[in-house]
Amino acid sequence: MAEDKKNKVYSHPLAERVLLKIQTTPDKATRAKMVQALAGLRHPWTLPILLACLNDPSDSVREKIVGELSSRNELPLAELHSRLQKQPWYVKAAVLKILGRLAKRDSVEAIAGVIDDPNVEVRRQAALCLGEIAAKETLPLLVKLLKDASPYVRQAAELGIRKASKLRFT
């Protein structure tokens, strides 16, 4: 989150203060309420804050953000794609959940960049995401994930292939 703040991506003067307040609030329930309140606002300056808050250490806070961002039509895919690089595993997994719910073919190339991630949850979410996109270009990636060392990734890849094709496993 500090990197986002350094880049001064927040054009609204209130945005930096809101983000700082969320980041410095120690109680995750309070942070979740703050994020929920922020999500209810439909101002352009709220989107960068919600994206930055994907770095929150709390699963429950991130899930609220994933739910909110997944329901927005104006999401910049390039911004989400960039968050699949050089981020903690839990940020990548949250972004993949959003991309899976959006199911945009434009995301396949960015998702392909994380199927070899060292984290099992990132690879599992990538498989689920590719299955939600369900395009023919996702099949080779899902087949590769079928050979993953983790049974969780293989199971997600199998589910993804079922969604993306008529192919069935017995």
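Provided above is the structure to which this section pertains.
Rules used in this analysis
Residues numbered from 1 in each chain as written. Predicted model: local features only at pLDDT ≥ 70, side-chain atom pairs only at ≥ 80, totals over all residues. Heavy atoms only, no water. Helix = DSSP H or I, 4+ residues; strand = E, 2+ residues; numbered from the N terminus. Rg over C-alpha atoms; globule rule 2.2 N^0.38 Å. Buried < 20%, exposed > 50% of the residue type's maximum accessible area, 1.4 Å probe, protein only. Contact = heavy atoms within 4.5 Å. Areas by Shrake-Rupley, 256 points an atom, 1.4 Å probe, with all protein chains shown as cover. Lys, Arg positive; Asp, Glu negative; His and termini not counted. Charge placed at Lys NZ, Arg CZ, Asp CG, Glu CD. Core = buried A, V, L, I, M, F, W, Y, C linked by side-chain atoms within 4.5 Å. Salt bridge = Lys/Arg side-chain N within 4 Å of Asp/Glu carboxyl O.

**Focus: the overall build of the chain**
Argument step 1. On a plain count of helices and strands, the chain comes out with eleven helices and zero strands.
Argument step 2. Secondary structure elements of the chain, listed N to C terminal, follow the sequence α-α-α-α-α-α-α-α-α-α-α.
Argument step 3. Over its C-alpha atoms the chain spans a radius of gyration of 17 Å, differing by no more than 12% from the 15 Å that the globule rule assigns to 170 residues.
Argument step 4. Its C-alpha atoms give the chain principal-axis dimensions of roughly 55 × 30 × 25 Å.
Argument step 5. Per-residue burial for the chain yields a buried fraction of 46% across its 170 residues.
Argument step 6. When contacts within the chain are restricted to residue pairs at least 6 apart in sequence, those whose partners lie at least 24 apart make up 59%.
Argument step 7. Accessible area of the chain: about 9,100 Å², with a carbon and sulfur share of 54%.
Argument step 8. Of the side chains in the chain, 29 bear a positive and 19 a negative charge, and the two mean positions are spaced by 2 Å.

**Regarding unusual backbone geometry**
Argument step 1. Even without being glycine, A103 reaches a positive phi, approximately 50°.
Argument step 2. You can see A103 is positioned in the loop between α7 (89-102) and α8 (108-112).
Argument step 3. Classification of A103 as partly exposed rests on a relative accessible area of 33%.
Argument step 4. One non-glycine residue, A134, adopts positive backbone phi at about 50°.
Argument step 5. With respect to the helices and strands, the residue A134 is situated in the loop between α9 (120-133) and α10 (139-145).

**Section: the nonpolar core**
Argument step 1. Ranked by size, the top nonpolar core spans 49 residues in total, and within it L54, L69 and L80 carry the most contacts.
Argument step 2. Among the elements that line this core, the one with the most residues is α7, at seven residues.

**Side note on the pattern of salt bridges**
Argument step 1. A complete count under the given rule lists twelve salt bridges for this structure.
Argument step 2. With a closest N to O distance of 3.5 Å, R105 and E137 form a salt bridge. Within this pair, whereas R105 is found in the loop between α7 and α8, its partner E137 is found in the loop between α9 and α10, the two being separated by 32 residues in sequence.
Argument step 3. A relative accessible area of 51% places R105 in the exposed class.
Argument step 4. Residue classification places E137 among the partly exposed residues on the basis of a relative accessible area of 32%.

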